[in-house]
Each structure stands twice: as C-alpha cells, then as structure tokens.
Amino acid sequence: MAEALDGHPGDVRRLELHGTLGMVSRSRDFTAEALAHWGWVPSETDEVGERVQDVLLLVSEVVGNACLHAGGAEELVLRHDRGRLRVEVVDASPEHPRARVDRTPAQPGGHGLMLLDRLAGDWGSRDRESGVMGKVVWLEVGLTSRPPWNGRRAAPS
C-alpha cells in the first residue's frame, strides 16, 4: 500500500496506457475491477450503485478528453482510502482543461467538464513533476456522498 488521499495508508492501482488501443474501455474495465476489489461492487444500496456508475462515467470522460485534446492518456492512477477515491489521468500535454465560454447542455460537445462539475466531489489539474512535460487531471469522489447539482464550476476561458 502507498500513501493515500489524506496521508493514511491506502490502496493505489496504476494502469499504463501510453500507446494502448481502446484506452477508454480498458480504463473503465480496470476501474470496475478495482471498485469490486474495494467493495463498491456489488452495491449495497441504489445510491452506491449510482456512485459506481458515476465513477465509470467520469473515468471514461477524463480518459476520453486526454485522447481528444492531449494526444492520449499515459497512465490512469486510482487511489482508494476509506470509501474515498481519487482518479488521476496523466498525459503529455501542458494545456490544462478549460471550460468553453459558450457551453450549453443543448449543444453537442463540451460537456465533459460539466460532468466533472456535477458528479465529482472535487476535480482539477496540476503540472507533472519538474522537468516532465504534461499534466495530471484528477477527480475525487466518495462512496456515499453524491455532490449537490450546483457544485463547483470550472472557470470559463
């Protein structure tokens, strides 16, 4: 076990994705397997079942965004500790996610960050370690706490 979300021991799983075909489906399958190992599946309640589906959708979205906007994901990292999950997607692009100024639910495209705003407890991005090109896009969710629909909003560009 490695250091987890708040400095306590937790479980960390990594999936190398660089050059992999079917990154999104592989990432979803990898995440579903990890969630089953951590006891999120089978779901004890409908709420937990919905959170599992939220997590799989968010993983698909963040990995898909890396494919569309950053030349593909290099690694998926899952950090789990006491019912809390942090998802990290590493890519080689230095460009951080920015919400479209003109985004609306009625228009196609541009909904990825809206999903993060609404379904993740928190999310953001950071530069990779010094001297390494790229960024890490991360999100956090709790097993039982679904965020309010009027949650955090990404700053428009």
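As shown above, the structure is provided for reference.
Residues numbered from 1 in each chain as written. Predicted model: local features only at pLDDT ≥ 70, side-chain atom pairs only at ≥ 80, totals over all residues. Heavy atoms only, no water.

### Thoughts on the nonpolar core
So, step 1. Leu35, Trp40, Leu76, Leu78, Leu85 and Leu139 are the most contacted members of the largest nonpolar core, which totals 31 residues.
So, step 2. Counting residues per element, the ones that place at least two in this core are α1 (23-37), α2 (46-69), β3 (73-81), β4 (84-91), α3 (112-119) and β6 (135-142).
So, step 3. The greatest single-element share of this core, amounting to eight residues, is contributed by α2. (Core = buried A, V, L, I, M, F, W, Y, C linked by side-chain atoms within 4.5 Å. Buried < 20%, exposed > 50% of the residue type's maximum accessible area, 1.4 Å probe, protein only. Helix = DSSP H or I, 4+ residues; strand = E, 2+ residues; numbered from the N terminus.)

### Some remarks on the environment of alanine 120
So, step 1. Relative to the helices and strands, alanine 120 is located in the loop between α3 and β5 (122-127).
So, step 2. Sequence spacing of alanine 120 and glutamate 140 is 20 residues, and the spatial spacing of their C-alpha atoms is 5.8 Å.

### What to know about the environment of leucine 143
So, step 1. Mapping leucine 143 onto the fold places it in the segment after β6.
So, step 2. Residues leucine 143 and valine 48, 95 residues apart in the sequence, show an inter-C-alpha distance of 6.3 Å.
So, step 3. Once residues within four sequence positions are removed from consideration, leucine 143 is found in contact with Trp40, Val48, Arg51 and Gly83. (Contact = heavy atoms within 4.5 Å.)

### Details of the pattern of salt bridges
So, step 1. Here the structure, examined in full by the defined rule, presents 10 salt bridges.
So, step 2. Salt-bridge contacts for lysine 135 lead to aspartate 91; the nearest nitrogen and oxygen are separated by 2.9 Å. Of this pair, lysine 135 sits in strand β6 while aspartate 91 is found in strand β4, placing the two residues 44 residues apart along the sequence. Considered together, lysine 135 and aspartate 91 belong to a single accessibility category, that of buried residues.
So, step 3. Among the salt bridges present, the one from glutamate 95 reaches arginine 98, with a minimum N-O distance of 3.8 Å.
So, step 4. Among the residues examined, arginine 98 registers a relative accessible area of 55% and is labelled exposed. (Salt bridge = Lys/Arg side-chain N within 4 Å of Asp/Glu carboxyl O.)

### A few points about the pairing of β6
So, step 1. Taken across its eight residues, β6 has seven buried, putting it largely inside the fold.
So, step 2. Sheet analysis places β4 next to β6, joined by eight bridges and oriented antiparallel. When the bridges of β6 are listed, arginine 84 appears paired with glycine 142.
So, step 3. The pairing of β5 with β6 spans six bridges and is classified as antiparallel. Opposite arginine 126, over in β6, you have valine 136 as the bridge partner. (Pairing = 2+ DSSP bridges.)

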